[in-house]
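Listed below, chain by chain, are the residues.
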Amino acid sequence: QYNRVWIPDPEEVWKSAEIAKDYRVGDKILRLLLEDGTELDYSVNPESLPPLRNPDILVGENDLTALSYLHEPAVLHNLRIRFAESKLIYTYSGIILVAMNPYKQLPIYGDAIIHAYSGQNMGDMDPHIFAVAEEAYKQMARNNRNQSIIVSGESGAGKTVSARYAMRYFATVSKSGSNTHVEDKVLASNPITEAVGNAKTTRNDNSSRFGKYTEISFDERNQIIGANMRTYLLEKSRVVFQGVLKNLIIQEWEAILSLKV
């Protein structure tokens, strides 16, 4: 019988413990044995029993949906093992890609890696931003339908960098030309948007406090021909005043954000 659980911890957030005495319905105390050998009487009730820990064989899975128990401590532990021990920053959760920011450059974004993921089905290779980009590109080319990639995360999570890698993938696999550098041209619009949408946070001195929808256009040969920013969502709390500044920024957007490759 599997008898390991997760209990809250003020320092480690969640701590693993082994059930030292069988639990019976109605018991108010659960006798636990911590990993350091300490015994603990943990107060419980039938409605809030501690979450069970996954078997060791499942630890480090590249898809979180493969875990027997999918809850907060299981997700955090799996991501921690992959990141700290296996040096892997990407993990799937179904069709969602979870990325851990290593805050350093990694040699996993070169042209050789791009070509390795090109033509592959999502799930055939290790989780990667290129796998997500390949799936979107393949579906667009095969079904002739628009595709969207949502990049979301907290301050300093690496959203802009992830978007850059996705655009670089599209530029490479679509053979749009080595001198195109579409990601550089699209991201060149950032100074304008950041002029009214950035703020300093504890994790990022220049945190983007806005969301935007960037549309990349392809021709009938599935090659990139341009890009436009269609939607810009700014937090109301970041708007200090309107008027001349607003009109000036709108004029700048119209002049700069229509990017022709």
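Residues numbered from 1 in each chain as written. Predicted model: local features only at pLDDT ≥ 70, side-chain atom pairs only at ≥ 80, totals over all residues. Heavy atoms only, no water.

**Comments concerning the overall build of the chain**
Then, number 1: Along the chain, the regular secondary structure elements total seven helices and eleven strands.
Then, number 2: Classification of the 261 residues of the chain by burial places 32% in the buried group.
Then, number 3: In the chain, once contacts between residues fewer than 6 apart in sequence are set aside, the share between residues at least 24 apart is 43%.
Then, number 4: With the model as given, the accessible surface of the chain reaches about 16,400 Å², and the carbon-plus-sulfur share is 50%. (Helix = DSSP H or I, 4+ residues; strand = E, 2+ residues; numbered from the N terminus. Buried < 20%, exposed > 50% of the residue type's maximum accessible area, 1.4 Å probe, protein only. Contact = heavy atoms within 4.5 Å. Areas by Shrake-Rupley, 256 points an atom, 1.4 Å probe, with all protein chains shown as cover.)

**Concerning helix H1 (residues 72-85)**
Then, number 1: The first and last C-alpha atoms of H1 sit 19 Å apart over 14 residues, in line with the 20 Å expected at 1.5 Å per residue.
Then, number 2: The inward-facing, buried residues of H1 abut strand E1 (4-9), strand E2 (13-19), strand E5 (90-93) and strand E6 (96-99). (Expected span 1.5 Å × (residues − 1).)

**Examining the UniProt feature "binding site: ATP" (unreviewed entry) in the chain**
Then, number 1: The UniProt entry lists Gly153, Glu154, Ser155, Gly156, Ala157, Gly158, Lys159 and Thr160 under the feature "binding site: ATP" (unreviewed entry), expressed in the numbering used here.
Then, number 2: For Glu154, the location among the structural elements is in the loop between helix H3 (129-143) and helix H4 (159-173).
Then, number 3: Judged by its relative accessible area of 48%, Glu154 is partly exposed.
Then, number 4: Every residue in contact with Glu154, bar those within four places of it in the chain, is listed here: Lys159 and Arg203.
Then, number 5: With residues near it in sequence (within four places) discarded, Lys159 still touches Val151, Ser152, Gly153 and Glu154. (UniProt positions renumbered as here; feature names shortened; annotations may be inferred.)

**A few points about the pairing of strand E3 (residues 29-34)**
Then, number 1: Alternating positions in E3 separate cleanly, Leu30, Leu32 and Leu34 being buried on one face and Ile29, Arg31 and Leu33 remaining unburied on the opposite face.
Then, number 2: When E2 meets E3, the two strands line up antiparallel, connected through three bridges. Bridging across to E3, Glu18 finds its partner in Leu33.
Then, number 3: One ladder, built from five bridges, connects E3 with strand E4 (residues 39-43); its direction is antiparallel. Considered in E4, the bridge of Ile29 is made with Ser43.
Then, number 4: In sequence, E3 turns back onto E4 through a hairpin of four residues, with Gly37 there showing a positive phi of about 90 degrees. (Pairing = 2+ DSSP bridges.)

**Quick look at the side chain of Glu134**
Then, number 1: When you line up the elements, Glu134 lands in helix H3.
Then, number 2: One buried charge, Glu134, has no salt-bridge partner; the nearest side chain with opposite charge is Lys138, at 4.7 Å.
Then, number 3: Polar side-chain contacts of Glu134 include one of 2.5 Å to the side chain of Tyr169.
Then, number 4: Ignoring anything within four residues of it in the chain, the contact list for Glu134 reads Tyr117, Ser118, Gly119, Gln120 and Tyr169. (Lys, Arg positive; Asp, Glu negative; His and termini not counted. Salt bridge = Lys/Arg side-chain N within 4 Å of Asp/Glu carboxyl O. Polar contact = N/O pair within 3.5 Å; in protein donor to acceptor, adjacent residues only side chain to side chain.)

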